[in-house]
Every structure is written in structure tokens, then in C-alpha cells.
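What follows is each chain in one-letter form.
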Number of protein chains: 2
Amino acid sequence: MNPENIYSEDKWLPFNGFSPLIKVYRLFHDLTPEIEFIINSHTFPVTFKKNKFITSPLHRDKCAYLIINGIARGFMKEDNQEITTWIAKENEFVGNVSNFWDESEPSDEYIQALEDVVAIAVPYTMSKLLYLNYQVVNYVSRKMTQLHYLQACERALISRLQSAEKRYLRFIKSYPELVNRVPLKYIASFLCMRLETLSRIRSKLAMQFTEIHPS
Amino acid sequence: MNPENIYSEDKWLPFNGFSPLIKVYRLFHDLTPEIEFIINSHTFPVTFKKNKFITSPLHRDKCAYLIINGIARGFMKEDNQEITTWIAKENEFVGNVSNFWDESEPSDEYIQALEDVVAIAVPYTMSKLLYLNYQVVNYVSRKMTQLHYLQACERALISRLQSAEKRYLRFIKSYPELVNRVPLKYIASFLCMRLETLSRIRSKLAMQFTEIHPS
């Protein structure tokens, strides 16, 4: 079954009549009607129930996903331990980009919905088609990849801060929308600390806050 | 003093007559003579002595650097401790890209030469000029930024592996050219472990190797 057929021509009805990917692209540059037509035709909405896998190493995915509602995490497995490497929310892309960019290298990453997720599937074949034929898409994609690069640098930095408390304080600053949405065990894993350490830090900070702002 | 003037028209003599940046761009796409002329005119060779800063938060740099010879590291300061966030070698770019991409956000990153470094300075003004006028440069830059993104993801992953030995083994696999070139204290910092831990792991691995391959 081809998921595109599920939605047929009505697929964009719940999204004001067009693919939300167009709105994201337009943040960086105007698009021609031709490009918008291709995006509307090739992308399609998908949903993933909470805790379900969006993609896994066993399943070489052919799409990236633009999250419209919900949050998701990426993780790897190391000796039966899961290591959360990133957490994404609305208007962010998730997917095993290395599948697309470097087809020789299968990714060992899992992507899991942490809430019920509504997303737009963006087939890699469409991205290739756009890159080849529409230079403006290379411009837009360069800008978006730069943002992803800076986000990845932040993930590489936060894990290297020596004190667990500093890592959590930086998490609050860098990811304020995630603090109260993501189960603590995943935040702890993302911040390279045990769940008990994270709980202790949160209690301490809550206490300090109460002392400064007594009710 | 404008560094471009130091080299005048002979600046590319030690580099087979043209900017090495052209060779890097050409790995991804052919260039027009016009683009090559702009690159040859605007980029210029620079050198940094071992241990000198290539850039620092105090100095809002106007260039990225393509390393031709030598290695460099990026680091941040946290409570008088230096945290090494990346190490780069020949044919890699270094620079505070956030200075260029997001001018509102000054970076708190230092970049230091770990060997005598020969590099090509790539002024951000030139990159902007190329992006605006030559679509193929957006294509090339998109491809290069994708590589940088994957490298940043690797840096974010390696620091999250739970066992120090696994982090070092992955370092050997992911950065084989750096293992014997970078002072151990920087490798230890990059891998979120104490120098003593790294030394212990290296001794253990050397011993295992000797047992397997007795002389």
C-alpha cells in the first residue's frame, strides 16, 4: 500500500490545503508554483503513535520527516543500553540523513515517537529531484543544513560540560520547550548522567527557586 | 596591513598556481572560470605557529580557514577548564561559522593550532558574494555542510558512549589520522575522560596488542 494513496487529493485538507514543508522552505526563499506543485504531490502526512519507531536500522527509510505535532528522539544501542543522541520537536526534521547522503553507510540509529506524532514525510527521491532541477532548493537546503549543523554542535558541546548540573542548566536554556515534555530518563541519557543524578539536580534547583520565591 | 597584500599576485605560487579551495569545491562540482577567478582573488594563504590561536571569542573573525597542513582544535572554557569540542586536520574547514551564519550570536569558541598550520583564509564576504551570484556554489556548499553535519553528529555521539574505553576505541576508528598526532590531554578532553583514564586505557590496549602479536 502506498501511503500517498491513503490521502489521495484530500491529503492537505487538514493543513490549509498545502504541504507544511512549503511554509518551512518559504522561511528561507520564495518558491515557484512548479516547486510547490512537486512538494504537494510528493510529500504526504503520516502519523506515529507514542513510543512507536519512526525508523530503525532494520528499516532503511526512504523519507525524512518534518514534525508538525509531537516530539521524537534519536537513539543508538550500546550493550543493551540506549543512548539518546537528540530530541526533536515541532518544525524540526528527523530522519536517518546518512541513508540519503551517504548510501554506502547504513545508520545504526533508531528514531522513536515520544508523543503521538503528526509529520510530513519528505521522500529522498523528491529532494534529489528538486536539487537537480531547482537551484533555489540548494539555497534553501544549504541554509537549513547550516541550522542542523549548529544544532549538532550544541549536542556535541552540552555532553562535554564537566558538571552534571551545568549540563542540565544548559539544557533548560537550549531546549526550554522540551524540559517538561520529555520523560526524565531520556533527558538524563541525552545529558550523559544517571536518572538519579538528574532527579537530584532538579530537586535542588526547585528548592533554590522556592527559597528565592517563597509562596 | 591587509594580508592579501603580503602575497600579492604570487600568493598561489607555492600552491601550483591557484587557491586550494578550488580543488575542494571541484570535488563536488565543476566551476566556471569566473568563480575560480573570484576564489583566487579573495582567498589567501595564512600560517599559524603551533599553539597560537586561529580565532577566539575576543576576535570576531571574518574568515573561515581551509587547513592545508597541520591540525587544530576547537575549545570552550568552563570554570577555567578547557573543553575540546573538535579536532580538525588537513582538508577540513575551521572557523566560527556562527559568526557568519548568525551574526547576532557571538561564539564563545577558541580555535588553536596544535601544529604549525598552513591554511587558506576564506573571507565570509566572498562566500556571501558567491552564494548570491552563483547557484552552483549553493550546491557545493550544501554538500559540504552535510558532511560537516555528519561530523558534528559523530562528535555528539562519541561523547555519549558510556564506557571510556568504548569512546577511545571509537576515536581510533573515526579519527585514525589523529591518534598519534594530538597531545593526549586534548584527546582525553574531547572524549570526556581524565588524562589518567586515557593513559590507562592506552596501556591496556598496548598490552593486549603485545599479547596477540608477541615480538
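Bear in mind the structure is a predicted one, so any value in this text is a computation, not a measurement.

Cut-offs applied
- Residues numbered from 1 in each chain as written.
- Chains lettered and ligands numbered in written order.
- Predicted model: local features only at pLDDT ≥ 70, side-chain atom pairs only at ≥ 80, totals over all residues.
- Heavy atoms only, no water.
- Buried < 20%, exposed > 50% of the residue type's maximum accessible area, 1.4 Å probe, protein only.
- Helix = DSSP H or I, 4+ residues; strand = E, 2+ residues; numbered from the N terminus.
- Pairing = 2+ DSSP bridges.
- Contact = heavy atoms within 4.5 Å.
- Arc of directions from axis to C-beta.
- Axes fitted to C-alpha atoms, helices over the stretch in contact; angles between N-to-C directions.
- Buried area = accessible area lost by both parts, 1.4 Å probe.
- Salt bridge = Lys/Arg side-chain N within 4 Å of Asp/Glu carboxyl O.
- Polar contact = N/O pair within 3.5 Å; in protein donor to acceptor, adjacent residues only side chain to side chain.
- Nonpolar A, V, L, I, M, F, W, Y, C, P; charged D, E, K, R; others polar.

Peer 1: I keep staring at the pairing of strand S4 (residues 72–78) of chain B and nothing clicks. Help me out?
Peer 2: Both faces of the sheet carry side chains from a regular strand, because those side chains alternate between them. Residue and element names in this part refer to chain B. When you tally the buried positions in S4, you get 6 out of 7 residues, the bulk of the element. The sheet contact formed by S4 and strand S5 (residues 81–88) spans 7 bridges and is antiparallel. Bridged to Gly 74 within S5 is Trp 86. Counting the residues in the hairpin turn of S4 and S5 gives 2 residues, including Asp 79, whose phi is positive at 50 degrees. Judged from the 4 bridges that link them, S4 and strand S7 (residues 110–113) form a sheet pairing that is antiparallel. Bridge pairing in S7 places Ala 72 opposite Ala 113.

Peer 1: Before we go on, may I ask you to explain the side chain of Ser 19 of chain A in this structure?
Peer 2: With respect to the helices, strands and loops of the structure, Ser 19 of chain A is situated in the loop between helix H1 (3–7) and helix H2 (20–26). If we ignore the near neighbours within four places in the chain, the residues touching Ser 19 of chain A are Trp 12, Ile 39, Asn 40, Thr 43 and Ile 120 of chain A.

Peer 1: Looking at this model, I keep getting lost on helix H5 (residues 124–133) of chain B. Mind explaining?
Peer 2: Residues and elements named next belong to chain B. Inspection of H5 places Tyr 124, Met 126, Ser 127, Leu 130 and Tyr 131 among the buried residues, and these make up the whole buried set. Seen from one end, H5 has its buried residues packed into an arc of 155 degrees, which puts them on one side. Facing away from the buried side of H5 by over 90 degrees, the exposed positions are Thr 125, Leu 132 and Asn 133.

Peer 1: Explain the sheet that holds S4 of chain B here, please?
Peer 2: The strands making up a sheet are joined through hydrogen bonds of the backbone, oriented either antiparallel or parallel. Residues and elements named next belong to chain B. Taking strand neighbours across the sheet as the criterion, the 4 strands line up as S2-S7-S4-S5 in an open arrangement whose pairing is antiparallel. Edge positions in the sheet fall to strand S2 (53–55) and S5, since each has one partner strand and no second. Between one strand and the next, the sheet's axes are offset by a mean angle of 35 degrees, whatever the strand orientation.

Peer 1: What is the right way to read the interface of chain A and chain B from this model?
Peer 2: For an interface, size is often stated in terms of accessible area lost upon the parts coming together. Listed per partner, the contact involves 36 residues of chain A and 36 residues of chain B. Taking both partners together, chain A and chain B bury about 3400 Å²; carbon and sulfur atoms supply 61% of that area. Asp 79 of chain A is the salt-bridge partner of Lys 166 of chain B, the closest N and O atoms lying 2.3 Å from each other. Remark: the boundary between chain A and chain B carries 11 residue pairs in polar contact (both at pLDDT 80 or more). Going through the elements one at a time, strand S4 (72–78), strand S5 (81–88), helix H4 (97–101) and helix H6 (135–158) of chain A are the ones with two or more residues in the side of chain A that touches chain B. At 17 residues, H6 of chain A tops the list of elements feeding residues into the side of chain A that touches chain B. Across the side of chain A that touches chain B, the residue classes tally to 17 nonpolar, 13 polar and 6 charged.

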